[in-house]
Amino acid sequence: MNNPKNKIKNFFAKQKLKFGSHGPGRKLNSEAPPPPPKVPSKSSGSTSKDVYIPPKRKELSAEAKAAAEAALARVQSRDKKEFNTSLAAIQAQVRRELEAERKAKEYAAQGTSAGASGDNPAEMSDDERKDLAVQGVYFRCPLISDEVLPRKEWKGKIKEFLYEQLENEKGLSACLIIYNCNIKEKVDVCVETLIKCLENILHHPNEEKYKKIRMSNRMFCDKIKVCEGALDFLHAAGFAEIPIDDEPHLIWSEEYLEPGNTLESLLDALKCSEPFHLELDRNIQVLLPSQVQKTNLPPDFFRISLEELKREQQLRSEALEQSQILKTKAMREKEELRIVNRYKFSLIRVRFPNGVYLQGTFNVYEKLSQVYEFVQSCLMHESAEFLIVSPTGQRFSDADLDKSLFDLRLVPTIVFNFSYENESRQLADYLKEELMLLIQSF
């Protein structure tokens, strides 16, 4: 397992490559370092190009593998005696449910447009949660661990991780606490103020007024003290709490600097820090036709609060009345945009000819090409040509692939129909066996 201290340093190493650096740190009273020696350029006779290597056949891509492992972990605790997971049993169950689906076609058609109502109550009972198409939105944070958790749980886990690192890597950890444990408005003001404090000392090393901060000062209280991690950062940067005339002050001295750090290096760290990136987990599920009838979405899918959702429900009657009014195209587009804007995520389902559905979660600003890549990574024959078509039969052009799900209005839920194309039409297998075993009775 990676040392947590090394994880912090690796994060900043990547950030410096991303944002650039002010160079190696040096003491305030030292002479400027000599310019680095020139390195002769390499011969340009040979160039290397990034070559795309397709994944091996029948081997899960990294994304699909991780998602499949996470899904299997979530269902391992369930009682599996109720459901036979052999491929033959699954295929038989699919055939039975396809027959039932045909008998209830009208009901199923109503279900596919669902999720858009968004009438999620503030408190959901167990029965209501069972009716959800997906239990939540899950994320990964590779820098911390391989776990798959909701965003709220990650916030607590990231905070716990960073505070554990304060003792050994105070300056860098404090930078990350500032960015990850405070709201953006506080962060922007605090970082701007801290940068100014450090730059004043660097640019005016003989000015004592820049090396002293009165802790009762309004600027300090409103801009720095209110931000988690800011005081720890100042301590690492060489400020010590010393009373003057019975009033607490922060006094800077080079001897108080955290060993191994300089003002320049900490200033660099503060400027290039940013919140940890959470990667959206696809939360892959393979569903039977009866399970696709669950179309209600959890609150995590919505931009607006649950209170606002309740208000939307109260306005439903007004919306029904308005629907009776003859609307212009502009009015319809405006109303459609208002509805789409309510969602942060989209639940994508792909129906295969054998009746099985593949389900994954996407950010509404992800591109349609990423949906194609997701489907391809789950296919038994990844190199096969295929199409995914909208429920209305719409085929997507190459230009559409570069558009977001939001732009294409593929929000909040959409069911695509899958088909092989050209020479691949003779293929009868679809999803990989590992993914077919994710089918569960729930």
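Details of the structure are given in the entry above.
Q: Before we go on, may I ask you to explain a positive patch on the surface in this structure?
A: On the surface, Arg151, Lys152, Lys155, Arg303 and Lys344 cluster together to form a positively charged patch. On the secondary structure map, lysine 155 appears in helix α6 (residues 151-165). Using a relative accessible area of 57% as the deciding quantity, one classes lysine 155 as exposed.

Q: Explain the sheet that holds strand β11 (residues 413-420) to me, please; I cannot follow it from the model alone.
A: In a beta sheet, neighbouring strands are held together by backbone hydrogen bonds and run either parallel or antiparallel to one another. One open sheet accounts for five strands, arranged β7-β9-β8-β11-β10; its pairing is mixed. Strands at the two margins of the open sheet, each flanked by one partner only, are β7 (285-287) and β10 (386-389). Pairwise comparison of adjacent strand axes, ignoring direction, gives a mean angle of 30 degrees for this sheet. Each of β8 (345-351), β9 (357-363), β10 and β11 is contacted by helix α15 (residues 368-378), which is oriented at about 140 degrees to β9, the strand it contacts most.

Q: Teacher, can you tell me more about the packing of aromatic side chains here?
A: When we look at a pair of aromatic rings, we describe it by the centre distance and by the angle of the planes. Enumeration according to the criterion identifies 14 aromatic pairs in this entry. Measuring from ring centre to ring centre gives 6.0 Å for phenylalanine 301 and phenylalanine 345, while their planes differ by 75 degrees; the resulting arrangement is edge-to-face. Here phenylalanine 301, found in the loop between β7 and α12 (306-314), pairs with phenylalanine 345, found in strand β8; they are 44 residues apart in sequence, far enough to count as distant. For the pair formed by phenylalanine 301 and phenylalanine 345, the shared burial category is buried. Ring centres of phenylalanine 418 and tyrosine 420 lie 5.1 Å apart, and the angle between their planes is 80 degrees; on these two criteria the pair is classed as edge-to-face. No difference in accessibility class separates phenylalanine 418 from tyrosine 420, as the two residues are buried. Among the aromatic side chains, those forming a connected cluster through ring pairs are Phe352, Tyr372, Phe386, Phe418, Tyr420 and Tyr430.

Q: What's the story with the pairing of strand β1 (residues 138-141) in this structure? I'm lost.
A: The side chains of a regular strand alternate between the sheet's two faces. In β1, alternate side chains face the same way, and those of Tyr138 and Arg140 on one face and Phe139 and Cys141 on the other are all buried. In this structure, β1 lies alongside strand β2 (residues 145-150), joined through four bridges in antiparallel fashion. Bridging across to β2, tyrosine 138 finds its partner in proline 150. In sequence, β1 turns back onto β2 through a hairpin of three residues. Of the strand pairs in this sheet, β1 and strand β6 (residues 279-280) are connected by two bridges, and their pairing is antiparallel. Paired with phenylalanine 139 across the two strands is leucine 280, which belongs to β6.

Q: In this structure, what is going on with the nonpolar core? I would like to understand it.
A: In a soluble, globular protein the nonpolar side chains are often hidden away together inside. Core analysis: the biggest nonpolar cluster contains 99 residues, and Phe416 and Phe418 have the highest contact counts within it. Here this core takes nine residues from helix α8 (residues 184-203), the largest share from any one element.

Q: Got a minute to help me understand unusual backbone geometry in this structure?
A: Comment: phi is negative for the bulk of residues other than glycine, and the bulk of peptide bonds are trans. The peptide bond linking valine 411 to proline 412 adopts the cis configuration, its omega dihedral lying at 0 degrees. Examined against the element boundaries, proline 412 turns out to sit in the loop between α16 (398-401) and β11. Positive phi outside glycine occurs at aspartate 245, with the angle close to 55 degrees. Tracing the backbone shows aspartate 245 in the loop between β4 (239-244) and β5 (247-252). Look at aspartate 245 and you get exposed, because its relative accessible area is 74%. Non-glycine residue arginine 409 carries a positive phi angle of around 60 degrees. Note on placement: arginine 409 falls in the loop between α16 and β11.

Q: Could you clarify how one ought to interpret the packing of α6 against helix α7 (residues 170-180) in this entry?
A: The description of two helices packed together rests on the angle between their axes and the distance between the axes. Between α6 and α7, the least distance of the axes is 8 Å, while the angle of their chain directions is 160 degrees. As far as their axial angle goes, α7 and α6 are roughly antiparallel. Read as a crossing pair, α6 and α7 show a hand that is left-handed. Here α6 contributes Ile158, Leu162, Tyr163 and Gln165 to the contact with α7, which in turn contributes Lys170, Ser173, Leu176, Ile177 and Asn180. Class assignment for the residues of the contact of α6 with α7 results in five nonpolar, three polar and one charged.

Q: Please clarify how the sheet that holds strand β3 (residues 212-214) should be interpreted in this entry.
A: Strands sit in the order β3-β5-β4 across an open sheet of three strands; the sheet is antiparallel. Edge positions in the sheet fall to β3 and β4, since each of these pairs with one other strand and no more. Taken pair by pair, the neighbouring strands of this sheet meet at an average axis angle of 30 degrees, ignoring direction. As judged from the six bridges shared by β4 and β5, these two strands associate in the antiparallel manner. Paired with proline 243 across the two strands is proline 248, which belongs to β5.

Q: Explain the state of the cysteines here, please?
A: Think of a disulfide as a covalent bridge from one cysteine sulfur atom to another cysteine sulfur atom. According to the stated counting rule, one finds zero disulfides in the structure shown. Free of any disulfide, cysteine 227 has its nearest cysteine sulfur in cysteine 190, 3.9 Å distant. Residue class for cysteine 227 comes out buried when judged on its relative accessible area of 4%.

Q: Is there a simple way to explain the environment of serine 383 in this structure?
A: Here serine 383 is to be found in the loop between α15 and β10. Distance in space between the C-alpha atoms of serine 383 and serine 424 is 9.2 Å, their sequence separation being 41 residues.

Q: I keep staring at helix α11 (residues 263-272) and nothing clicks. Help me out?
A: Residues spaced three or four apart along an α-helix face the same direction, because each turn holds 3.6 residues. The buried count for α11 comes to nine of 10 residues, which makes it a mostly enclosed element. Three or more residues of α11 are buried, namely Leu263, Glu264, Ser265, Leu266, Leu267, Asp268, Ala269, Leu270 and Cys272.

Q: What should I look at first to understand a negative patch on the surface in this one?
A: On the surface, Asp126, Asp127, Glu128 and Asp131 cluster together into a patch of negative charge. Along the chain, the position of glutamate 128 falls in helix α5 (residues 126-130).

Q: What exactly am I supposed to notice about the pairing of β8 here?
A: With respect to burial, β8 is a largely interior element, six of its seven residues being buried. Note that β8 and β9 share seven bridges and pair antiparallel. For phenylalanine 345, the partnering residue across the bridge sits in β9 and is asparagine 363. From the end of β8 to the start of β9, which pair antiparallel, there are five residues, and glycine 355 there has a positive phi angle of about 95 degrees. Where β8 lies against β11, five bridges are found, and the strand directions are parallel. Across the sheet, valine 350 pairs through a bridge with phenylalanine 416, a residue of β11.

Rules behind the numbers
Residues numbered from 1 in each chain as written. Predicted model: local features only at pLDDT ≥ 70, side-chain atom pairs only at ≥ 80, totals over all residues. Heavy atoms only, no water. Patch = residues over 30% accessible without salt bridge, like charges linked within 9 Å, V, L, I, M, F, W, Y side chains within 5 Å. Areas by Shrake-Rupley, 256 points an atom, 1.4 Å probe, with all protein chains shown as cover. Salt bridge = Lys/Arg side-chain N within 4 Å of Asp/Glu carboxyl O. Lys, Arg positive; Asp, Glu negative; His and termini not counted. Charge placed at Lys NZ, Arg CZ, Asp CG, Glu CD. Helix = DSSP H or I, 4+ residues; strand = E, 2+ residues; numbered from the N terminus. Buried < 20%, exposed > 50% of the residue type's maximum accessible area, 1.4 Å probe, protein only. Pairing = 2+ DSSP bridges. Axes fitted to C-alpha atoms, helices over the stretch in contact; angles between N-to-C directions. Contact = heavy atoms within 4.5 Å. Phe/Tyr/Trp six-rings, centres within 6.5 Å; stacked < 30°, edge-to-face > 60°. Core = buried A, V, L, I, M, F, W, Y, C linked by side-chain atoms within 4.5 Å. Parallel < 35°, antiparallel > 145°, perpendicular 65-115°, else oblique. Left-handed = near helix turned anticlockwise from the far one by under 90°. Nonpolar A, V, L, I, M, F, W, Y, C, P; charged D, E, K, R; others polar. Disulfide = S-S within 2.5 Å.

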